[in-house]
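Each chain, written out:
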Amino acid sequence: MTERASEPLLDSAFLRQLDRLALVLRRPMAGDIQGERRSPRRGSSVEFADFRPYAPGDDIRQIDWNLYARAERFYLKLFVAEEELNIHLLVDTSASMDWGAPNKLHYARQLAAAYGYIALSNLDRVSVTAFGAGPGNLQLPGVRGKRGAVPLFAFLQRLQPGKQGDLARACHRYIQSARTAGPLLLCSDLLDPGWKDALSTLASRPFEITVMHILAPQELDPDLEGDLKLIDVESGAPVEISANLDLMRRYKQHLAAWRGEIESFCNGRGIIYVPVDTGVPVEEFVLGRMRRRGVLR
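Note that the coordinates shown come from a computational prediction; the quantities given were computed from them, not determined experimentally. (Residues numbered from 1 in each chain as written. Predicted model: local features only at pLDDT ≥ 70, side-chain atom pairs only at ≥ 80, totals over all residues. Heavy atoms only, no water.)

1. Here's the deal with the environment of Phe285
Relative to the assigned elements, Phe285 resides in helix H9 (residues 282-292). Sequence separation between Phe285 and Leu111 is 174 residues, and the spatial gap between their C-alpha atoms is 9.0 Å. Those residues in contact with Phe285 that sit more than four places away from it in its chain are Tyr107, Leu111, Met212, Val274, Pro275, Val276, Val280 and Met290. (Helix = DSSP H or I, 4+ residues; strand = E, 2+ residues; numbered from the N terminus. Contact = heavy atoms within 4.5 Å.)

2. A word on helix H6 (residues 195-203)
Note on helix geometry: an α-helix contains 3.6 residues per turn, so any two residues three or four positions apart are oriented the same way. For H6, every residue scored as buried is listed here: Trp195, Ala198, Leu199, Thr201 and Leu202. Here the buried residues of H6 occupy an arc of 155 degrees about the axis, which is enough to place them on one side. Among the structural elements, strand E3 (86-92), helix H5 (167-177), strand E6 (183-188), strand E7 (208-215) and helix H8 (245-267) are those in contact with the buried residues of H6. (Buried < 20%, exposed > 50% of the residue type's maximum accessible area, 1.4 Å probe, protein only. Arc of directions from axis to C-beta.)

3. Here's the deal with the packing of helix H3 (residues 104-121) against helix H4 (residues 149-158)
Two quantities define a packed helix pair, namely the angle between the axes and the distance from one axis to the other. The geometry of H3 relative to H4 is characterised by a closest axis approach of 10 Å and an angle of 170 degrees between their N-to-C directions. As judged from the angle between their axes, H3 and H4 are roughly antiparallel. Every pair of crossing elements has a handedness; the one defined by H3 and H4 is right-handed. Across the interface between the two elements, Arg109, Ala112, Ala113, Gly116, Tyr117 and Leu120 from H3 touch Ala149, Leu152, Phe153, Leu156 and Gln157 from H4. (Axes fitted to C-alpha atoms, helices over the stretch in contact; angles between N-to-C directions. Parallel < 35°, antiparallel > 145°, perpendicular 65-115°, else oblique. Left-handed = near helix turned anticlockwise from the far one by under 90°.)

4. Some thoughts on empty space enclosed by the protein
For the structure shown, the criterion picks out 2 cavities of 30 Å³ or more. Estimates place the volume of the largest cavity at around 70 Å³. Around the largest cavity, the lining is made up of 13 residues, and of these Asp92, Ser94, Gly165, Leu167 and Asp192 lie nearest the centre. When its volume is computed, the second largest cavity comes out at roughly 60 Å³. Lining the second largest cavity, in full, are Val24, Leu25, Arg26, Tyr115, Pro183, Glu208, Thr210, Ile272 and Val295. A class-by-class count of the residues in the lining of the second largest cavity yields 6 nonpolar, 1 polar and 2 charged. (1 Å grid on protein atoms, 1.4 Å probe; cavity = no way out; pocket = protein on both sides within 12 Å on 5 of 7 lines; lining within 4 Å. Points joined across faces, edges and corners; volume = space filled by probe spheres on them. Nonpolar A, V, L, I, M, F, W, Y, C, P; charged D, E, K, R; others polar.)

5. Observations concerning the side chain of Arg109
Along the chain, Arg109 turns up in helix H3. Here Gln157 takes part through its backbone oxygen, which lies 3.0 Å from a polar atom of the side chain of Arg109. (Polar contact = N/O pair within 3.5 Å; in protein donor to acceptor, adjacent residues only side chain to side chain.)

6. Some words on the pattern of salt bridges
What the rule picks out here adds up to 10 salt bridges. The shortest N-O distance in the salt bridge between Lys196 and Glu261 comes to 2.9 Å. Here Lys196, found in helix H6, pairs with Glu261, found in helix H8; they are 65 residues apart in sequence, far enough to count as distant. Residue Lys196 is classed as partly exposed on the basis of its relative accessible area of 36%. Overlapping salt bridges, with partners in common, bring together Lys104, Asp189 and Glu219 in one network. (Salt bridge = Lys/Arg side-chain N within 4 Å of Asp/Glu carboxyl O.)

7. A word on H4
Buried residues of H4: Ala149, Leu152, Phe153, Phe155, Leu156 and Gln157, and no others. Check the buried side of H4 and you find it contacts helix H1 (12-18), E3, H3, strand E4 (125-131) and strand E5 (138-144).

8. With respect to a nonpolar patch on the surface
Together, Trp65, Tyr68 and Phe74 make up a nonpolar patch on the protein surface, roughly 310 Å² of accessible area in all. Here Phe74 is to be found in the loop between helix H2 (65-71) and strand E2 (75-83). (Patch = residues over 30% accessible without salt bridge, like charges linked within 9 Å, V, L, I, M, F, W, Y side chains within 5 Å. Areas by Shrake-Rupley, 256 points an atom, 1.4 Å probe, with all protein chains shown as cover.)

9. Some details on the nonpolar core
By size, the foremost hydrophobic cluster in this structure holds 48 residues, and its most contacted members are Leu18, Leu111 and Met212. Per-element tally for this core: the top contributor is H3, with 12 residues. Not counting chain neighbours up to four residues away, the residues in contact with Met212 comprise Leu111, Leu185, Leu186, Cys187, Ser188, Val274, Val276, Phe285 and Met290. One finds Leu167, Leu190, Trp195 and Tyr273 within the second-largest nonpolar core, a separate group that totals 29 residues. (Core = buried A, V, L, I, M, F, W, Y, C linked by side-chain atoms within 4.5 Å.)

10. What about the pairing of strand E9 (residues 238-243)?
Taken residue by residue, a regular strand's side chains alternate between the two faces of the sheet. In the sheet, strand E8 (residues 226-231) pairs with E9 via 6 bridges, with the strands oriented antiparallel. Opposite Ile231, over in E9, you have Pro238 as the bridge partner. Adjacent in sequence and paired antiparallel, E8 and E9 are bridged by 6 residues, among which Gly236 carries a positive phi angle near 80 degrees. (Pairing = 2+ DSSP bridges.)

11. What to know about the sheet that holds E3
The strand order across the open sheet built from 6 strands is E5-E4-E3-E6-E7-E10, with neighbouring strands paired in mixed fashion. Unpaired on one side and paired on the other, E5 and strand E10 (272-277) mark the two borders of the sheet. Averaged over all adjacent pairs, the angle separating strand axes in this sheet is 15 degrees, with direction ignored. The sheet contact formed by E3 and E6 spans 4 bridges and is parallel. Bridge pairing links Val91 to Cys187 in E6. H3 rests against E3, E4, E5, E6, E7 and E10 of the sheet, and its axis sits at about 175 degrees to E3. The sheet strands contacting H5 are E3, E4, E5 and E6, and the helix crosses E4 at an angle near 150 degrees.

These figures capture arrangement, not role.
Next up, the structure:
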């Protein structure tokens, strides 16, 4: 990972293409302060939302007198509120992410950078949390506007792989600290026995969640042969195998079943599941796959 520290996460030509994209929201979401996004709350924009009966204490300046003339009852005219959206980026930096060619953690940083940059270009607020590097989560507080891309990229650039992670605990810690829900992008290989608990924990808050399930080509189609000792990069536990055609066939079957289980689990909770192969150039993945999956437009 260290040799990539001086490389830009995204080149300028790709950033210009990202300028033309926007996040896809499945429903209006409330933010903290006034902004550019349609909110489920009622506010003071020029866009009409609905009427509701007058109640004692309401501002009489909001009474629609034309409707009163027809119905002889007081109604308030309500308008759509426009608020700034909070975008949550979660990046798994556990040791298993620092593997593969192209490297999974570097790919996750690029995906988070692209998604965050698009949000900043649309005047939303972006925060990043990395977990796996220690007992607590490493966080970049919310940044706004295109100027926020500089600290966003710098924070992602500095992320280093940690040791053994605990995805469920990290997600539980996160939802306790997140003040406002919003679109949430999780970049992880989900190589954690607690992945179900982690996703269930995130889904317990009204986030609009997208899971980028990142695997390397060597995990999707391993080229192994003969007697080998494999070492778990997080626990250090060794596993001895005799790699042959039958074992490789069964490995791929289990891998497909596992990915199918995760997708089904996500579908049942309204989570968008996006399988990622780091062998696909990140530009092609963002501009093609993420748009086809309805994450971007």
